[in-house]
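The chain contents come next:
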Amino acid sequence: MQISLVAPSNVTAKQGGGAWVVGAMEGGHLLPGAILADKASGGALTRALKVSRFTGKQGQILEVLAPAGLKPSRLLLVGLGKADGVDEKGLETLGAQIVGRLYAGGESQATIEIDVPPASKKGGSKVKKAELAAHLAFGAKLKSYAFNKYRTRNLEEYEKKLKTVRIVTSDLAAAKKAHAGLAAIADGIFLARDLVNEPPNVLYPAEFARRAKAQLSRLGVKVQILGEAEMKKQGFGALLGVGQGSARESQLVIMQWNGGPKGNKKSARPIALVGKGVCFDSGGLSIKVGAGMQGMKGDMAGAACVVGTIASLAARKAKVNAVGVIGLVENMPDGGAFRPDDVLTSLSGQTIEVLNTDAEGRLVLADALTYTQRRFQPKALIDLATLTGAIVQTLGHEHAGIFSNDDQLVQRLQAAGRHTGERVWQLPLDPAYDKMIRSKIADMKNIGGGNSGAITAAQFLQRFIEKGMAWAHLDIAGVAWQDGEHKPTIPSWGTGWGVRLLNRLVKEHYEA
Ligand code: BES
Ligand code: MN
Ligand code: ZN
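Calculation criteria
Residues numbered from 1 in each chain as written. Chains lettered and ligands numbered in written order. Predicted model: local features only at pLDDT ≥ 70, side-chain atom pairs only at ≥ 80, totals over all residues. Heavy atoms only, no water. Helix = DSSP H or I, 4+ residues; strand = E, 2+ residues; numbered from the N terminus. Rg over C-alpha atoms; globule rule 2.2 N^0.38 Å. Buried < 20%, exposed > 50% of the residue type's maximum accessible area, 1.4 Å probe, protein only. Areas by Shrake-Rupley, 256 points an atom, 1.4 Å probe, with all protein chains shown as cover. Lys, Arg positive; Asp, Glu negative; His and termini not counted. Charge placed at Lys NZ, Arg CZ, Asp CG, Glu CD. Axes fitted to C-alpha atoms, helices over the stretch in contact; angles between N-to-C directions. Parallel < 35°, antiparallel > 145°, perpendicular 65-115°, else oblique. Contact = heavy atoms within 4.5 Å. Nonpolar A, V, L, I, M, F, W, Y, C, P; charged D, E, K, R; others polar. Donors = N, O, S within 2.8 Å, 3.2 Å for Na, K, Ca; no water. Tetrahedral: all angles 85-135°; square planar, octahedral: opposite > 155°, others 65-115°. Near = heavy atom within 4 Å. Core = buried A, V, L, I, M, F, W, Y, C linked by side-chain atoms within 4.5 Å. Domains from an automatic or database assignment. Buried area = accessible area lost by both parts, 1.4 Å probe. Salt bridge = Lys/Arg side-chain N within 4 Å of Asp/Glu carboxyl O. Polar contact = N/O pair within 3.5 Å; in protein donor to acceptor, adjacent residues only side chain to side chain.

**A few points about the overall build of the chain**
In step 1: Helix and strand counts for the chain come out as 17 helices and 17 strands.
In step 2: For the chain, whose C-alpha radius of gyration is 25 Å, the value lies close to the compact-globule estimate of 24 Å for 512 residues.
In step 3: If you line up the chain on its principal axes, its C-alpha atoms span 85 × 55 × 40 Å.
In step 4: Looking at the chain as a whole, 56% of its 512 residues are labelled buried.
In step 5: Here the chain has roughly 21200 Å² of accessible surface; of this, 51% comes from carbon and sulfur atoms.
In step 6: Across the chain, the centroid of the 64 positively charged side chains sits 7 Å from that of the 46 negatively charged ones.

This is the structure:
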């Protein structure tokens, strides 16, 4: 689907075919584009309004098909709600809803002409004209995602007719600039979604690493891949322990985007993102039951988010130094697999008694976290992982869990979450929980053994955070994928969760 922004003078939709999409505020008050469309159609909109339940509430759509005396195939009157309730997130949802409606109607092209009154003393939307068009376009693009590469039959059933969407804006230059940044983010989200959706027989660690490198190098990101021999030499005992029951080789991928200050000064230190990349989690010898194993191809969503985020930072040439480090493994049971009761020596030197091989993500992250801190001394460290079923029990699918030693970082992520819709909810860290992972024979064990499983997992990670490091752990097990579509901007399965959140965080607080 091709999305373009155009100036009002270039609008030929009124004469040409396709859908003409216009807006109304709550109360049914028509916006300028809608008044124009109403006049051109001899009052088709006002007539339709009278016999419908359309009130202009955000998300409502009134459709007039084949309006008499008009070239456009249909008019779509879209409700924007109250002006002061129009925000970027809401516009994205609207853009997606419009595209969804046009998909259903079999439309092939559309021109969207929606101008919300700007903020005045009496209220109004705080979103600028240019941002309005850009976020409508972003929402439209997000809705266009589909993962159909493994279908071979009835393809026409899945093919979308909608090919071109034009969005009219009177502030074209600024809108194009805003849109370029968002388009880069959309590409990063799609990359993350693709990685999560790929089946595990196709996307095993080395293939994941290869794709990350291929996608990122062409954007100017420095990518380095460590295999098992190198990691063994360096002492990645925890990560390698998880991968040792798999026929596939474990990998560590290091991605560096250097868009910020150069040199060794403190301001040049990067922000670091670390991701759990378990390409398939069978549970290992502590094997999962059938229903619990289904979907575990998505257990690399943290890593996918890191790759998607670094890609979008590079694509929009963000003025920031960012590193991504992902640990890629497959957790499988075979004669060489690690066992419950094994003791692993992590890269940090700390020893871990493994009591459940299904608590593998924290083992992978432990070494990735140590490596990242030692090599980069980042100014902030954020890890993302589909770490526990317990977080799904706690927060469901609306929030990711956040655990952190730094209140400012938490507040920033919470604010970014409210803005983008990728929300986070803080849960505690506390020595009382740390006690629960004490081992009888090693420095720690890999499970808490009681309740509060998401918290003991976070406590485990904190043992690998060095003194003074500002760190946040995001447990994304409940938000990384979903069964079915629940929001217009998020498709079924891989959600690409976190790419928007982290881009917002970086944009607000780390870009020069
Ligand atoms: N990858 C899972 C967590 C998970 C569960 C993600 C459901 C998404 C949906 C993780 O590796 C795991 O198996 N965790 C165990 C830990 C337990 C053995 C302490 C869990 O949550 O059951
Ligand atoms: Mn597991
Ligand atoms: Zn896992």
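What follows continues from the structure just given.
**Re the packing of helix 7 (residues 205-217) against helix 11 (residues 301-315)**
In step 1: At a closest axis distance of 10 Å, the pairing of helix 7 and helix 11 adopts a crossing angle of 10 degrees. Classed by the angle they form, the pair helix 7 and helix 11 counts as roughly parallel. Two secondary-structure elements touch here, helix 7 through Phe208, Ala212 and Leu216 and helix 11 through Ala303, Ala304, Val307, Ile310 and Ala311.
In step 2: Of the residues assigned to the contact of helix 7 with helix 11, the class counts are 8 nonpolar, no polar and no charged.

**Some words on the coordination of the manganese ion (ligand 2)**
In step 1: Within the protein, the manganese ion (ligand 2) binds to Asp281 (OD), Asp358 (O), Asp358 (OD) and Glu360 (OE); these donor distances fall in the range 2.1 to 2.2 Å.
In step 2: In this structure, the manganese ion (ligand 2) is surrounded by 6 donor atoms whose angles at the metal cover 71 to 169 degrees, and the resulting shape is irregular.
In step 3: The metal-metal distance between the manganese ion (ligand 2) and the zinc ion (ligand 3) comes to 3.2 Å, with Asp281 coordinating both.
In step 4: Looking at Glu360, the relative accessible area reads 1%, which means it is buried.

**Digging into the site of ligand 1**
In step 1: Around ligand 1, 16 residues are found, and the nearest of them are Lys288, Asp299, Asp358, Glu360 and Gly389.
In step 2: The protein chains hide 76% of the 520 Å² of surface that ligand 1 would expose on its own.
In step 3: Taken together, the residues of the shell around ligand 1 break down into 5 nonpolar, 4 polar and 7 charged.

**A few points about the side chain of Glu422**
In step 1: Looking at where Glu422 falls in the secondary structure, it is placed in the loop between helix 14 (407-420) and strand 15 (423-426).
In step 2: When its relative accessible area of 4% is taken as the criterion, Glu422 is described as buried.
In step 3: Beyond its immediate chain neighbours, meaning those up to four positions away, Glu422 contacts Gly417, Gly496, Trp497, Gly498, Val499, Arg500 and Leu501.

**What about the nonpolar core?**
In step 1: The biggest cluster of nonpolar side chains holds 69 residues, and the ones touching the most others in it are Phe208, Met255, Ile382 and Leu413.
In step 2: The residue makeup of this core includes at least three contributed by each of domain 1 (2-171) and domain 2 (185-509).
In step 3: When near neighbours in sequence (up to four residues on either side) are disregarded, Met255 contacts Leu216, Val221, Lys222, Val223, Val306, Val307, Ile310, Ala322, Val323, Gly324, Val325 and Ile326.
In step 4: Judged by nonpolar contacts, the second largest core, of 40 residues, contains Ala272, Val278, Leu365 and Trp471.

**Observations concerning the domain arrangement of the chain**
Quite often, the size of an interface is put as the accessible area lost when its parts meet.
In step 1: As assigned here, the chain comprises domain 1 (2-171) and domain 2 (185-509).
In step 2: The straight-line distance from the C-alpha centre of domain 1 to that of domain 2 is 38 Å.
In step 3: Each side of the interface is counted separately: domain 1 has 16 residues, and domain 2 has 21 residues.
In step 4: Together domain 1 and domain 2 conceal approximately 1500 Å² of surface at their shared face, both sides included; 62% is due to carbon and sulfur atoms.
In step 5: For the pair domain 1 and domain 2, the number of links is 3 salt bridges.
In step 6: Taken together, the connections running from domain 1 to domain 2 amount to 9 residue pairs in polar contact (both at pLDDT 80 or more).
In step 7: Those elements that place two or more of their residues in the side of domain 1 that touches domain 2 are helix 3 (88-105) and helix 4 (129-143).

**Here we look at the coordination of the zinc ion (ligand 3)**
In step 1: The zinc ion (ligand 3) binds to the protein through Lys276 (NZ), Asp281 (OD), Asp299 (OD) and Glu360 (OE); the donor distances cover 2.0 to 2.4 Å.
In step 2: Each of the 6 donor atoms bound to the zinc ion (ligand 3) contributes to angles spanning 78 to 175 degrees, and the resulting shape is octahedral.
In step 3: All donors of the zinc ion (ligand 3) belong to a single chain; written as a sequence motif, their spacing is K-x4-D-x17-D-x60-E.

**Some thoughts on the environment of Phe338**
In step 1: Within the fold, Phe338 resides in the loop between strand 10 (321-331) and strand 11 (343-345).
In step 2: On the basis of relative accessible area, Phe338 is assigned to the buried category, the value being 1%.
In step 3: Spatially, the C-alpha atoms of Phe338 and Val242 are 6.6 Å apart, while their sequence positions differ by 96 residues.
In step 4: What Phe338 contacts, discounting residues up to four positions off in sequence, is Gly241, Val242, Gln244, Leu285, Asn331, Leu344, Val354, Thr357 and Leu363.

**Some details on the pattern of salt bridges**
In step 1: A full pass over the atoms with the stated rule returns 24 salt bridges.
In step 2: One salt bridge connects Asp115 with Lys129, and the closest N-O pair in it is separated by 4.0 Å. Linking Asp115 in the loop between strand 5 (109-113) and helix 4 with Lys129 in helix 4, this pair joins segments that are 14 residues apart in sequence.
In step 3: Take Asp115: its relative accessible area is 30%, and that puts it in the partly exposed class.
In step 4: The class for Lys129 is partly exposed, based on a relative accessible area of 36%.
In step 5: Its salt-bridge partner being Glu207, residue Arg210 comes within 2.9 Å of it at the nearest N-O pair. Linking Arg210 with Glu207, this pair stays in helix 7, spanning 3 residues, or about one helical turn.
In step 6: Connected through shared salt-bridge partners, Lys149, Glu198, Glu207, Arg210 and Arg211 make up one network.

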